[in-house]
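# A look at the structure
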Amino acid sequence: MEQALAKIRIHTSSSLPHQKSPASLLVALETTFKEQKTEPSPTAYFAALLTTLDGTIQKKQLSLNDGDVLPAELYLLALVAPYVSVPVIRTNLSTVLAMTAPLFPSLLNHAPSLRSQLSLYQSMLLSLDRSQLETHGIRQAFASILQLCLDPRPKIRKKAVEVVKDRVAEWTRSALVDVNKNALSRSKGDSTGESAIHLLAFLKPTILRFPPSSYSTLTGLLLNLPRLGNPYVTQSSYTILSELFSQSHEDNSLVFGENVLPDVLKTVLAFPPTKTDTTLAPSWIELLGNAMTSYSSTHSEACAAQVDTVWKTLWPFLESESAAVRKSAVQSLDMLTRCLVAANASTSKLPDVIAQVAKALRSVSHARAIPDLLLLTSALLVISYGSKGRRVSNDTVKQRLLALVTQIGNLRTEKGFEYKEAADGVLSTAMRILGPKVLLEVLPLNLEPEDRQAGLEPRAFLLPLLPQPHPSPLSHFVVYFVPLSGKFFDLQQKAESEGRQSEAKVWNVLIAQIWAGFPAYCHGSPDIKETMNASFSQLVSQLLYRQPELRSAVLRGLKLVVDSNVALANSTDEALNPSNMTVEQATQNVAFLRTQAESWLAVLFNVFGSLGRDARGPVGEVITAWAGITSEQEIDKAYIKVVNLLKGNASTSVTAVNPRNDEENISVTALDLLLLLLPYLSVVNMTALFQLCLSSEVLCAKDNAIQKRAYKVLTKLTESGKITIDPEAVLKELDALSDGLTSAAKKDRFSAFTALVPLIPSSAMHLIPSMIPEAVLGTKETSDKARNAAFELVIAMGHKMSQGGIVKRDLLEEMDEDVNAEATATIDEYLTMVAGGLAGSTPHMISATITAISRLIYEFKDSLSNTMKNEVFTTMLVFLSSANREIVKSVLGYIKLSIHTYPVDLIQPHLKELVPALLTWSHDHKNHFKSKVRHIFERLLRRFAWEDVYSAAGEEEASKVLVNIKKRKDRAKRKKANREDEDEEVDDSSFCNVKVPDTKATAGDAFEDILYGSESEVDASDDDDNAGNRTQPRTKGKNQAHGMQLRMDDDEPMDLLQGVASRVTHTSSNRRRKPGQDATHFKTDGDTGKMVIDDSDSEDNEPDEAENNAYRESITSVDGFTRGPNGRVKFNKDTKKRRRDNEDLDMMDVDDGDKSQNKHKRKTSVKLGHEFKAKASIFKAGGDIKKGGVDPYAYISLSQASKKGGGRKNRIGVAGKR
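My aim in this report is to walk through the structure given alongside it, one point at a time. (Residues numbered from 1 in each chain as written. Predicted model: local features only at pLDDT ≥ 70, side-chain atom pairs only at ≥ 80, totals over all residues. Heavy atoms only, no water.)

Turning to the overall build of the protein, a few remarks are in order. What the protein contains, in helices and strands, is 57 helices and eight strands. The burial tally for the protein puts 42% of its 1218 residues in the buried class. Of the roughly 66,100 Å² that the protein leaves accessible, carbon and sulfur atoms contribute 51%. (Helix = DSSP H or I, 4+ residues; strand = E, 2+ residues; numbered from the N terminus. Buried < 20%, exposed > 50% of the residue type's maximum accessible area, 1.4 Å probe, protein only. Areas by Shrake-Rupley, 256 points an atom, 1.4 Å probe, with all protein chains shown as cover.)

Attention now goes to the side chain of lysine 800. In this fold, lysine 800 is placed in helix α42 (residues 784-802). Put simply, lysine 800 is tucked away with no salt bridge, and the nearest opposite charge, on aspartate 726, sits 12 Å away. Polar contacts involving the side chain of lysine 800 include one to the main-chain carbonyl oxygen of isoleucine 760, which spans 2.8 Å. Not counting chain neighbours up to four residues away, the residues in contact with lysine 800 comprise Val757, Pro758, Ile760, Met765 and Ile768. (Lys, Arg positive; Asp, Glu negative; His and termini not counted. Salt bridge = Lys/Arg side-chain N within 4 Å of Asp/Glu carboxyl O. Polar contact = N/O pair within 3.5 Å; in protein donor to acceptor, adjacent residues only side chain to side chain. Contact = heavy atoms within 4.5 Å.)

Right, let's talk about the nonpolar core for a bit. Counting 254 residues, the largest nonpolar core has Phe481, Trp515, Trp626, Leu689, Tyr830 and Phe937 as the members making the most contacts within it. Ranked by residue count, the leading element in this core is helix α32 (residues 583-610), at 11 residues. By size, the runner-up hydrophobic cluster in this structure holds 51 residues, among which are Leu5, Leu53, Ala78 and Leu118. (Core = buried A, V, L, I, M, F, W, Y, C linked by side-chain atoms within 4.5 Å.)

Let us look at the packing of aromatic side chains. Both the distance between ring centres and the angle between the ring planes are used here to describe each pair of aromatic rings. What the rule picks out here adds up to 19 aromatic pairs. The interplanar angle of 50 degrees and the centroid separation of 5.2 Å between the aromatic rings of phenylalanine 477 and tyrosine 521 together place this pair among those described as tilted. Taken together, the residues phenylalanine 477 in helix α26 (residues 474-497) and tyrosine 521 in helix α28 (residues 518-522) connect sequence positions 44 residues apart. A residue is classified by how much of its surface remains accessible, and tyrosine 521, at 0% relative accessible area, is buried. Considering the side-chain rings of phenylalanine 873 and tyrosine 902, the 6.2 Å spacing of their centres and the 50 degrees angle between planes classify their relative orientation as tilted. Here tyrosine 902 lies in the loop between α46 (885-901) and α47 (904-907) and phenylalanine 873 lies in helix α45 (residues 866-880), a separation of 29 residues in the sequence. (Phe/Tyr/Trp six-rings, centres within 6.5 Å; stacked < 30°, edge-to-face > 60°.)

Bringing unusual backbone geometry into the picture now. Phi at asparagine 446 is positive, roughly 55 degrees, even though this residue is not glycine. Position of asparagine 446 among the secondary structure elements: in the loop between α24 (436-442) and α25 (449-453). By relative accessible area, which is 10% here, asparagine 446 ends up buried. The residue asparagine 580 is not glycine, and still its phi comes out positive at about 55 degrees. You can call asparagine 580 partly exposed: its relative accessible area is 41%.

Let us now look at the pattern of salt bridges. What the rule picks out here adds up to 22 salt bridges. Notably, a salt bridge pairs lysine 732 with glutamate 728, separated by 3.6 Å at the nearest N-O pair. With a gap of four residues between them, lysine 732 and glutamate 728 both fall in helix α39 (residues 727-736), about one helical turn apart. In this structure, the salt-bridge partner of lysine 780 is glutamate 886, at a minimum N-O distance of 3.8 Å. Here lysine 780, found in the loop between α41 (768-778) and α42, pairs with glutamate 886, found in helix α46; they are 106 residues apart in sequence, far enough to count as distant. In the salt-bridge network here, residues are joined through shared partners; they are Glu498, Arg500 and Glu503.

Right, let's talk about the side chain of serine 320 for a bit. One can find serine 320 in the loop between α18 (307-314) and α19 (323-342). Looking at serine 320, its side chain comes within polar contact range of the main-chain oxygen of lysine 275, at 3.0 Å. A polar side-chain atom of serine 320 sits 3.2 Å from the main-chain amide nitrogen of serine 322. With near-sequence residues (within four places) excluded, serine 320 lies in contact with Lys275, Val325, Arg326 and Arg368.

What follows concerns the packing of helix α22 (residues 395-413) against helix α23 (residues 420-433). A pair of packed helices is captured by two measures, namely the crossing angle of their axes and the spacing between those axes. Between α22 and α23, whose axes approach to 10 Å, the crossing angle comes to 145 degrees. Crossing hand, α22 versus α23: left-handed. In this structure, α22 uses Val405, Ile408, Gly409 and Arg412 to contact α23, whose residues at the interface are Lys420, Ala423, Asp424, Val426, Leu427 and Ala430. The residue inventory of the contact of α22 with α23, partitioned by class, reads six nonpolar, one polar and three charged. (Axes fitted to C-alpha atoms, helices over the stretch in contact; angles between N-to-C directions. Left-handed = near helix turned anticlockwise from the far one by under 90°. Nonpolar A, V, L, I, M, F, W, Y, C, P; charged D, E, K, R; others polar.)

Here we come to the environment of valine 776. In this fold, valine 776 is placed in helix α41. Along the chain, valine 776 and alanine 790 lie 14 residues apart, while their C-alpha atoms are 7.1 Å from each other. Once you skip the residues sitting within four places of it in the chain, valine 776 turns out to touch Val834, Met845, Ala848, Thr849 and Ala852.

Taken N-terminus to C-terminus, the directions of helix α48 (residues 911-919) and helix α49 (residues 929-943) make an angle of 150 degrees; their axes are 10 Å apart at the nearest point. Here α49 runs roughly antiparallel to α48, going by the angle between their axes. By crossing handedness, the relation of α48 to α49 is classed as left-handed. Here Leu911, Leu914, Val915, Leu918 and Leu919 of α48 come into contact with α49, specifically with Val933, Ile936, Phe937 and Leu940. (Parallel < 35°, antiparallel > 145°, perpendicular 65-115°, else oblique.)

Written out as structure tokens, the structure is:
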């Protein structure tokens, strides 16, 4: 305290009032102490300041300006209070509350004094016991502090949160102390166990938010709770401690006391649960693992000394029958091995750990834990080899790990081994950590015919594990897999020539799997210089040309070989480096690859041109990667070749009759290549390319693809900012070439305009009106992408106009001479320009203009003046009475948007014109006008009073619509309220019952959600009544916990000492469906071996027709709808055909009973050969069957075919037709 006060005394002569006033007050108090010969203790300072504060309040000197007495008194009180003894604060509690609590309202506008008040209450609240917390003044002050946690001022909010956190942590500590003393409970029916449960339920989500200084004390108190004997309390305390230790390992700010973790480990180890305790054992095991991890981060050597004890304690839990216990045990054992590596103690202890795991894989007692042991093996591999800077260099550890992997690989090939997926996980980790070069030496593939003849087990399951980064060099692939794939290719050719197609398919799949691993070898390989020679490059090139099946894998490898080395050369920390390459090695590899870039670009260009447009994407990515490391001279050479190719075919593209001839394909390919090379071109080449793509030969080509790509080139060159562009000249050129524009290229043309708009100088804003008509019409394009691009252009021009500038009206076409020559560029001026389209000659132009205005108003709602908003709204009310539905549809969208966006006082004066105009369309079903109007009125009623809207309706007939809407809305609110009341009555005791709120499908854009989204409460309420309760999943059988058995083999005696893993099986494995299992239910003809299917009445198995037609009716009926890819709902049109179909369905529902009764009276026509027709069964068989010993051959007797019945209608021809 003395040090803090010394920092204040020096400011007695300060020129700042807020510093001088506390210093002067402090000096005056100390002078009084000297005169009265009082010792300047914290209590003396506290008492003197309280007396001074009381006098200030009595004199009503409550000013809080700089230099006043009250802020200085609060500041010194907050400074002294932490050093005052607890009994003194508790004794003077009522005095402090009486003087300071009424100051909260006046302190809200003075942040420094308010922070002093909060600091005072922080010290005061920490000193109180639980009985004093019930004081009314304390509760009221704490409520005020809670409100300050939401204060907009950061310092005030932070201080208030600190006060609340410290008080809650202190209350929790005292509550835990009382629980341990069996004194927390107050009521007779409440026990200590129940109170502890409630306290732990509070602690679980909040303890990580407590001050770090409280964790040491809370840990000791939580550790004493298990002695209460309540299993749930014990489990919860273990879980909370486990989460606390886990968080401390990740957050360095959570530091425990010196002896906290050793005491925790000692106490927990002293009370282990049994292996059969499935409730307590998992949390106890996790606590041990997390405590050891936290201990290792602070005292690694001391932690390593206890690993043996903890390991021996945890290992027997792998024999438990509970899967949860075994899972927790494996996770904790994994943590223990990490502690060994962190303490550099793995050299002496890891070999014993690996040997113990290998022995357990052969043990009967650990038969259930085989999947868990395999997970532990993967963790051992990652810990020993995977961590940077923590790699184990002991040869013994590496040899034993490799032997363990070999053992698992041999288990994988055994016939009865059931954990093949878990074993594949271990082998995949080994492939990633060790690499194929090491793994295939101990586990060879054995896929060649010679290996099969020698009786070796094939290991084709290793090939799908190749496509992942590993440390093996590219030379291993060239030496091992390239010759192997060549042999497999020869075997494939031989099998195809001999007609063994299935065998040829097998070899083809193996070749594809081999080359699928090629990209992994290319990832940061250190021996690229030696491996990527002429012969290997030629082989890869031939594969790109001639093997389409392998092309994708080869392209990924060529891309990775560049990207990985570039990332490592730039020394990025996030770059994956399985081979531990240095920056120098990666730099040398990049330099070597740069020497081969020209050759590879030529190959990739040829492959790119030979493929269709849909298959060029991967090749383009590889071209981009190689172009990024190519020198500027070689890029220029490639650019010249591609441009010459484009120029040679551009002239024929304009006059071509067939838009898909070879010349235009070449032009499209050339433009695609230029788009790929564009970021790496020089400024000179970029300028030349811009002029080339701006020419009429390119932009007026007949092919859509050429125009689209040319506009894309213009857009990218403009956005690059590397070349100088004259926007006025470019826009004039583009305007002159608009006649040759195709519909498919409009989207890219709009994008080019959007890129040019920011380049327009502020003195040339007269260029913007020339783009407005085309952009406005683009908002009504059928293509969704073109519409979005047009909207972006409209908004971009609005942003440009809002930045200011000069609009030279005399340079605009068709402008009156008496108008001012210049105007200031503003958003209001721009909206006036766009509104000129309302005078268009076609309804399509007027509708597009209204849509564009709606988008601008939504985007610039805060920038537009109220006068402009009012003028636009008045104009739209005129168009609302139009007879054209296209115009009215756009106006309704605008009205909907304006109600959502405009202030209330702006729309209020127009209600008398708006409401009657809307009501005229309330009965029109076309274009869903009725539903649109209803939604608009619902929004109106949310923002305006019912009386205001209803009084503007006018006619009695029209007002009925509003009354109906109000009734529907009120009904929906009542249903919603009833549902909420029912939900409150549901038992919510479980923490897992979380209700997910219903979400509405949106269009993905905020403007479209407002314009087209209904947000109708009535619609939302209609579907809620149909929601039913979900059925609970069925529980499994009694044998769920006892699911392991040993498979017996009558041909071979069982060895329980070795190879047990291959005989472990599940109880459910015998119930698996086997091939041909269903065929055993039918009889078999002894002569032919065919199945004989007896006749049976399968009408009960036929699905209900209503179920089959429900989905079709929801799409095709009048009330049905479909949903587009962007989530927008499209209702079906109300056509005569749909209404007739609905009436037919209704009649069918009414007459369903009569039809079912008369169904057996119908006479069905009998076709020839019906006796051989199989009835529908569960297998949906409908073919012919053998019946009565007669085969259903495709012949009939002429007498049977020409048999006459009781009339001409029953005659059947020879072909079975009437």
